[in-house]
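Spelled out from the first residue to the last, the chains are:
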Amino acid sequence: MVLHDVNPKVGRLIDSLKGKDMVKVLFVCLGNICRSPAAEGVLQAIVNEHHAAERWVVDSAGTGNYHIGSLPDPRMRAHARRRGLELTHHCRQVSVSDFDEFDMIVPMDSSNEYNLRELAPSVEAEKKIVAMSAFFSLATRYDYVPDPYYEGAEGFELVLDLLDDACLNLYDTVTAAVWGTK
């Protein structure tokens, strides 16, 4: 599913990427221990599977500073590992310089989107922010990626299901629109 024409905001952001040799994506959640490192791992696996690593830089960060330097939550790592993903990212906090470094900044929910908009150093930088839910195609009751931290196993599995769907759509959308391939 290519979402370029479905969501005008996504379309404008994707259009701004045309002509780039490489696209840099930063996923953002609160603590950078569950959702955003999982999104990083899922998209990186898709990129690797398509032999497109030279065209992508994928990273993640948190709006909070609670877990800087830590590996992702052990429960998220265990659930991801069952799907063949190794989450080895060390948590970091998002910074103003990320708006210069990355082409797309993808928050997992509206709270983190708000925090990113407050941090954005300019209107142009703010245009790089697009919610992860903009890439959902699954019929779901969610318009965000829920935080599984206080949930059981089903919370982590739900997050990974949503991210599998959204990251593949993000990959397909960018690849088709920017490089004309899939």
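Reading guide: rules and limits
- Residues numbered from 1 in each chain as written.
- Predicted model: local features only at pLDDT ≥ 70, side-chain atom pairs only at ≥ 80, totals over all residues.
- Heavy atoms only, no water.
- Pairing = 2+ DSSP bridges.
- Helix = DSSP H or I, 4+ residues; strand = E, 2+ residues; numbered from the N terminus.
- Axes fitted to C-alpha atoms, helices over the stretch in contact; angles between N-to-C directions.
- Contact = heavy atoms within 4.5 Å.
- Buried < 20%, exposed > 50% of the residue type's maximum accessible area, 1.4 Å probe, protein only.
- Phe/Tyr/Trp six-rings, centres within 6.5 Å; stacked < 30°, edge-to-face > 60°.
- Lys NZ or Arg CZ within 6 Å of the ring centre and 35° of its normal.

Visitor: Please explain the sheet that holds strand S1 (residues 23–29) as it appears in this structure.
Guide: Strand pairing in a sheet relies on backbone hydrogen bonds. The paired strands run either parallel or antiparallel. The three strands are arranged S2-S1-S3 in an open sheet whose pairing can be described as parallel. Of all the strands in the sheet, just strand S2 (56–62) and strand S3 (104–107) have a single pairing partner and so form its edges. Across this sheet, the average inter-strand angle for adjacent strands is 20°, counted without regard to direction. The sheet strands contacting helix H5 (residues 110–119) are S1 and S3, and the helix crosses S3 at an angle near 140°.

Visitor: Just checking my understanding: could you explain the pairing of S2 for this structure?
Guide: Along a regular strand, successive side chains alternate from one face of the sheet to the other. Most of S2 is tucked away, with six of its seven residues classed as buried. Examined bridge by bridge, S1 and S2 share seven bridges and lie parallel to one another. Bridging from a neighbouring strand, Val 25 pairs with Val 58 of S2.

Visitor: I would appreciate a short explanation of the packing of aromatic side chains in the present structure.
Guide: The description of an aromatic ring pair rests on the distance of the ring centres and on the angle between the ring planes. Counted by the stated rule, this structure contains four aromatic pairs. Considering the side-chain rings of Trp 56 and Tyr 171, the 5.5 Å spacing of their centres and the 25° angle between planes classify their relative orientation as stacked. Of the two residues, Trp 56 sits in strand S2 while Tyr 171 sits in helix H7 (residues 153–179), which places them 115 residues apart along the sequence. Ring geometry for Trp 56 and Trp 179: centres 5.8 Å apart, planes at 70°, overall edge-to-face. Taken as a pair, Trp 56 in strand S2 and Trp 179 in helix H7 lie far apart in primary sequence, 123 residues in all. In this structure, Trp 56 and Trp 179 share a single accessibility class: buried. An aromatic cluster of three or more residues is present, and its members are Trp 56, Tyr 171 and Trp 179. Against the face of Tyr 149 rests Arg 75, its NZ or CZ located 5.0 Å from the ring centre.

Interpretation in functional terms is not warranted from these geometric data alone.
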